[in-house]
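# Fold and geometry: a report
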Amino acid sequence: MLAKLLKHEFKATYRYQCGMYIVLFIVSIIALVLSVALEANPGNGALIVTTSLSKLMAIIVRVAVLVVTFVMAILRYRKNILKDEGYLMHTLPVKKWQLLVSKLITPYVWTVLNIIIVYLSIALEVRDIDILSLTTMDLSSAGLSSGMIVMFVLAMAVSLLTSYSMFYLCLNIGYSMSKDKDLMSFVSYVVIYLINQVIGVIEMFIIFAFNFESFSAITKAQTFPVEYFWMVMGSALVISIIMCVIYNMISVYMLNKRLNLE
Amino acid sequence: MSVIVECKDLTVKYGKKVALNNFSVEFEEGRIVGLLGPNGSGKTTFIKTLSGLITKSAGNVTIAGEKLGTATKSIVSYLPERPYFPSSMRVKDMIDFFNDFYTDFNPQTAYEMLETLKISPKDKIKALSKGTREKVQLVLVMSRSAKLYLLDEPMGGVDPAARDFILKTILTNYSKDACVIISTHLIQDVEQVLDEVAFIKEGRLAMFKSADEIREENGKSIDGLFRAVFAC
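Within any chain, residue numbers begin from 1 and follow the written order of that chain's sequence. Naming scheme: in the order in which they are written, chains are lettered from A and ligands are numbered from 1. At least 70 in pLDDT is required for a residue's local features to be given in this predicted model, at least 80 for side-chain atom pairs to be given and counted, and no such filter applies to totals for whole chains, interfaces and linings, which use all residues. The side-chain values count all of the structure's non-hydrogen atoms but skip hydrogen atoms and water molecules.

### Examining unusual backbone geometry
Residue and element names in this part refer to chain B. Non-glycine residue N22 carries a positive phi angle of around 45°. A relative accessible area of 43% places N22 in the partly exposed class. Phi is positive for E153, close to 50°, though the residue is something other than glycine. Structurally, E153 is set in the loop between β7 (148–152) and α6 (160–173). A residue is classified by how much of its surface remains accessible, and E153, at 16% relative accessible area, is buried. Any residue under 20% of the maximum accessible area for its type is buried, any over 50% is exposed, and the rest in between are partly exposed; the area is computed with a 1.4 Å probe on protein chains only. Each helix is a run of H or I in the DSSP string that is no shorter than four residues. Each strand is a run of E no shorter than two, and both are numbered from the N terminus.

Spelled out as structure tokens, the structure:
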């Protein structure tokens, strides 16, 4: 059943995703063509302005591609699970965790695809497919090993999943109330955000408390604390995974025991 | 006839408001039951609870001997009182959707009914009028061979001619060993097809009798009795 849910979820979302990719491709091509034209006519004032504008437009569309998927996923969850369309979804013979997982996997896959498409659009605009290695080289020269970069990417990947889970949980809590559902969702978000901040502060405090001497030495030496990267990122990753699991467990509970489609 | 819906001391609360209060009833298979009551009496809450859209506060409910859950959803065909299909989808997409999730769904039946209604499967849901959307929803719901049909105001938004079609659709398509529960205000329109009638008042079962009993004992139509019982 999860495969069927995913099939219909991708079917319902591919239109605006593909629409955004087409728009991004077009603006990247325009930026490329204008850049080539500017290279051929370096002193052309009109070309300088239009090329700059096209590059700015390409940047805006790239940001939009990354943001819209996230926003649409949240809005779609609200509409498809907690409002009128929920009458359809909650009467399907599927388990609640399958509904939730389908809503997590789909935007996640689109986000990964977004990153690849945005990367390709930048590569197209600058006419260099290997821009990633340049970025990696920059990071390496800043003292980050490839293992640390992988760790960073992994932490970001888990963090994205945790963010979706947190937003879904806030909506599930808000919509289990008898009135002011959107307001209560927002209040839930503020409360959970504050709890997260407290956990983050406690985490940092524990790390600093156990390594106070070492950190003092690093501060005096004014060097990048590379040796503590693994500790900080590792603990952030573990906490993110734990929070993600907790959010989703509560969400499944809410959908099973506190569903309230009035 | 075996019991398909068994409901004992069911209580549903919205915050402090009690929508269903120790509601107990049993419905048998092979019956068409009219669930009748004034606005806010708890009809929709009862149907939503059986559909799994609302969590009960107390009591026990079983459908075909199973507690409410995934198993009961596979044998319950539910028609809500509002449009609930995603508006961006086409009618054909919804048929594919039902076909994917319900093993008892017959797409051929759905296409035949749509043809009778002159509704194109290629039409987008959002392009349909409210009445046509309701017909499409009913077509899909009645194209299942379910054990229990829960129809909440199936004729609420359609014209009198379409009501006849809807009644005919219900009568000709439901499995004969299934139970059909119809919640409606349009009692005169459904009266002729009802086997049993359950009156709900302020979240409690006020009366549950066969349609024939009501007519014989009271010398009134169901509509007449409803007006007498719930007179303001």
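### Things to note about the side chain of H8 of chain A
Mapped onto the secondary structure, H8 of chain A falls in helix α1 (residues 2–40). According to the relative accessible area criterion, H8 of chain A is buried, its value standing at 6%. Two N or O atoms form a polar contact when they lie within 3.5 Å of each other; inside protein one atom must be a possible hydrogen donor and the other a possible acceptor, and for residues adjacent in sequence the pair counts only when both atoms belong to side chains. Within polar-contact distance, the side chain of H8 of chain A engages the side chain of D100 of chain B at 2.7 Å. Whether two residues are in contact is decided by their heavy atoms, any of which lying within 4.5 Å being enough. With sequence-adjacent residues up to four places away left out, H8 of chain A is seen in contact with D96, F97, D100 and F101 of chain B.

### Description of the pattern of salt bridges
The term salt bridge refers to a pairing of a side-chain nitrogen on Lys or Arg with a carboxyl oxygen on Asp or Glu at a separation within 4 Å. Per the stated rule, a full pass over the model turns up 17 salt bridges over all chains. The salt bridge partner of R215 of chain B is E191 of chain B, with a shortest N-O separation of 4.0 Å. You can see R215 of chain B sitting in helix α8 (residues 211–218) and its partner E191 of chain B sitting in the loop between α7 (187–190) and β9 (196–201), a full 24 residues away along the chain. E191 of chain B sits in the buried class, given a relative accessible area of 10%. Between E217 of chain B and K209 of chain B there is a salt bridge, and its shortest N-O distance comes to 2.6 Å. Taking the relative accessible area as the measure of exposure, E217 of chain B reaches 49% and is therefore partly exposed. By relative accessible area, which is 25% here, K209 of chain B ends up partly exposed. Connected through shared salt-bridge partners, E9, R76 and K103 of chain A make up one network.

### As for the environment of R78 of chain A
Residues and elements named next belong to chain A. On the secondary structure map, R78 appears in helix α2 (residues 45–82). A C-alpha to C-alpha distance of 8.6 Å links R78 and N172, two positions 94 residues apart in sequence. Excluding residues within four positions of it along the chain, R78 makes contact with K83, L171, Y175 and D182.

### Re helix α4 (residues 107–116) of chain B
All names here are of chain B. When we look at burial in α4, the residues that qualify are T109, A110, M113 and L114. Viewed along the axis of α4, the buried residues span an arc of 135°, placing them on a single side of the element. Where α4 begins, the capping side chain belongs to N106, and its oxygen is found 3.0 Å from the backbone nitrogen of Q108. One or two steps after α4, the chain reaches K118, where phi turns positive at roughly 55°. Arc definition: directions from the helix axis to the C-beta atoms.

### Things to note about the packing of aromatic side chains
Classification of ring pairs rests on two measures: the distance between centres of Phe, Tyr or Trp rings, Trp counted by its six-membered ring, which must be within 6.5 Å, and the angle between planes, read as stacked under 30 degrees, edge-to-face over 60 and tilted in between. Going through the model one piece at a time under the given rule, you end up with 18 aromatic pairs over all chains. Measuring from ring centre to ring centre gives 6.5 Å for Y87 of chain A and Y78 of chain B, while their planes differ by 15°; the resulting arrangement is stacked. Placement of Y87 of chain A in helix α3 (residues 86–89) and of Y78 of chain B in strand β6 (residues 76–79) is noted, with the two residues assigned to different chains. As far as the burial class goes, Y87 of chain A and Y78 of chain B line up, both buried. On the numbers, 4.9 Å between centres and 45° between planes, the contact of F23 of chain B with F46 of chain B is tilted. Placement of the pair is F23 of chain B in strand β2 (residues 17–28) and F46 of chain B in helix α1 (residues 43–51), with a sequence separation of 23 residues. No difference in accessibility class separates F23 of chain B from F46 of chain B, as the two residues are buried. Ring-pair connections join several aromatic residues into one group, and the members of that group are F70, Y77, Y164, F167, Y168, Y189 and Y193 of chain A.

### Considerations on the domain arrangement of chain A
Residue and element names in this part refer to chain A. By convention here, the domain bounds are inherited from an automatic or database domain assignment. Looking at chain A, the domain boundaries give domain 1 (12–129) and domain 2 (131–262). Contacts between the two partners involve 26 residues from domain 1, matched on the other side by 24 residues from domain 2. At the surface where domain 1 touches domain 2, the tally comes to 1 salt bridge. Elements that contribute at least two residues to the side of domain 1 that touches domain 2 include exactly α2, α3 and α4 (96–126). When residues of the side of domain 1 that touches domain 2 are assigned to their parent elements, the largest contribution, 12 residues, is made by α4. For the side of domain 1 that touches domain 2, the residue count by class is 17 nonpolar, 4 polar and 5 charged. For this scheme, ten residues count as nonpolar: Ala, Val, Leu, Ile, Met, Phe, Trp, Tyr, Cys and Pro. Four count as charged, namely Asp, Glu, Lys and Arg, and the remainder, Gly too, count as polar.

### Structural notes on the sheet that holds strand β3 (residues 32–36) of chain B
Residues and elements named next belong to chain B. Whether two strands pair comes down to DSSP finding at least two bridges between them. With mixed pairing, the 6 strands of this open sheet are ordered in space as β6-β7-β8-β3-β9-β10. Two strands lie at the open edges of the sheet, namely β6 and β10 (204–210), each paired on one side alone. Taken pair by pair, the neighbouring strands of this sheet meet at an average axis angle of 15°, ignoring direction. Note that β3 and β9 share 4 bridges and pair parallel. By the bridge assignment, G34 is partnered in β9 with V197. Contacting β3, β6, β7, β8 (179–183) and β9, α1 runs over the sheet at an angle of about 145° to β7. Orientation is described by axes fitted as lines to C-alpha atoms, over the contacting stretch for helices, and by angles from 0 to 180 degrees between their N-to-C directions. Packing of α8 onto the sheet brings it into contact with β9 and β10, and relative to β10 it is tilted by some 90°.

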